[in-house]
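In case you want the letters, here they are:
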Amino acid sequence: MSLSPDKRELADVLRELGWTVHRRTPERAGVGPIPTTELALLKQVIDAPGSTVGELAQALGLRQPNVSAAIRVLADRGFVIKERSPTDRRITLVRPTPLGCSEHEAIAESWAVPIRQALEGLSAEHRTAIEQAAEALAALHERLRVIEPGEAHIGAPV
């Protein structure tokens, strides 16, 4: 079963919007560009401090070796710290640093600026519709995060 035209259009719009936002990955003065994977990991560490590398990989749907490498880079930049679990010394926990939190906040704000500017150029009707859709889009995002990659395939019912 394929997507109905209106659902396909929504998927296309969301994909294109995601790509446009992705291309605008902010570069911070003195820090340089931060790859998208590292940005996503930094946010996940901030949202779930004390997570293991495996938990971070699972939460973001990434491979554990890739997460380990990205966490090393974030640690080298001073954005996260790795510490041994007090209950099991074999387990490493990842926590954000104050620098990582402030950098994440600055990046989030730099991403918000062009979006605010774009919203200001829209009609009041479109701005209201987008603002009202934010909660539903957040729910869609959470649902997409829990669908296993093998579950989402072409022809699956929506």
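Residues numbered from 1 in each chain as written. Predicted model: local features only at pLDDT ≥ 70, side-chain atom pairs only at ≥ 80, totals over all residues. Heavy atoms only, no water.

In terms of regular secondary structure, the protein is built from six helices and four strands. Starting at the N terminus, the α and β elements of the protein follow one another as α-β-β-α-α-α-β-β-α-α. A buried classification covers 20% of the 158 residues belonging to the protein. In the protein, of all internal contacts separated by at least 6 residues, the share reaching a separation of at least 24 is 53%. Summed over all atoms, the accessible surface of the protein reaches about 10,900 Å², with 58% contributed by carbon and sulfur. (Helix = DSSP H or I, 4+ residues; strand = E, 2+ residues; numbered from the N terminus. Buried < 20%, exposed > 50% of the residue type's maximum accessible area, 1.4 Å probe, protein only. Contact = heavy atoms within 4.5 Å. Areas by Shrake-Rupley, 256 points an atom, 1.4 Å probe, with all protein chains shown as cover.)

In this section: the confidence of the model for the protein. Looking at the protein as a whole, its pLDDT mean stands at 85, while 84% of the residues score no less than 70. Here strand S1 (residues 27–28) stands out as the element of the protein with the lowest mean pLDDT, 60, in contrast to strand S4 (residues 92–96), whose mean of 97 is the highest. (pLDDT = per-residue confidence, 0-100.)

Here we take up the pattern of salt bridges. Applying the stated rule across the entire model yields six salt bridges. The salt bridge involving arginine 15 is made with glutamate 16; its shortest N-O contact spans 3.3 Å. Under the relative-accessibility criterion, glutamate 16 is labelled partly exposed at 41%. Among the salt bridges present, the one from arginine 95 reaches glutamate 83, with a minimum N-O distance of 2.4 Å. (Salt bridge = Lys/Arg side-chain N within 4 Å of Asp/Glu carboxyl O.)

A word on the nonpolar core. Ranked by internal contacts, the top residues of the largest apolar core, which has 16 residues, are Leu41, Leu56, Val67, Ile71, Leu74, Val80 and Val94. Broken down by secondary-structure element, the contributors of at least two residues to this core are helix H2 (36–47), helix H3 (53–60) and helix H4 (64–76). Discounting chain neighbours no more than four positions away, the residues touching valine 94 are Val45, Pro49, Gly50, Ser51, Val53, Leu56, Ile71, Val80, Ile81 and Lys82. (Core = buried A, V, L, I, M, F, W, Y, C linked by side-chain atoms within 4.5 Å.)

This part covers H4. If you check H4, its first and last C-alpha atoms are 18 Å apart, about what 13 residues at 1.5 Å a residue would give, namely 18 Å. Along H4, the residues that are buried comprise Val67, Ala70, Ile71 and Leu74. For H4, the buried positions fall inside an angular range of 105° around the axis, keeping them on one side. Against H2, H3, strand S3 (80–84) and S4 lie the buried residues of H4. (Expected span 1.5 Å × (residues − 1). Arc of directions from axis to C-beta.)

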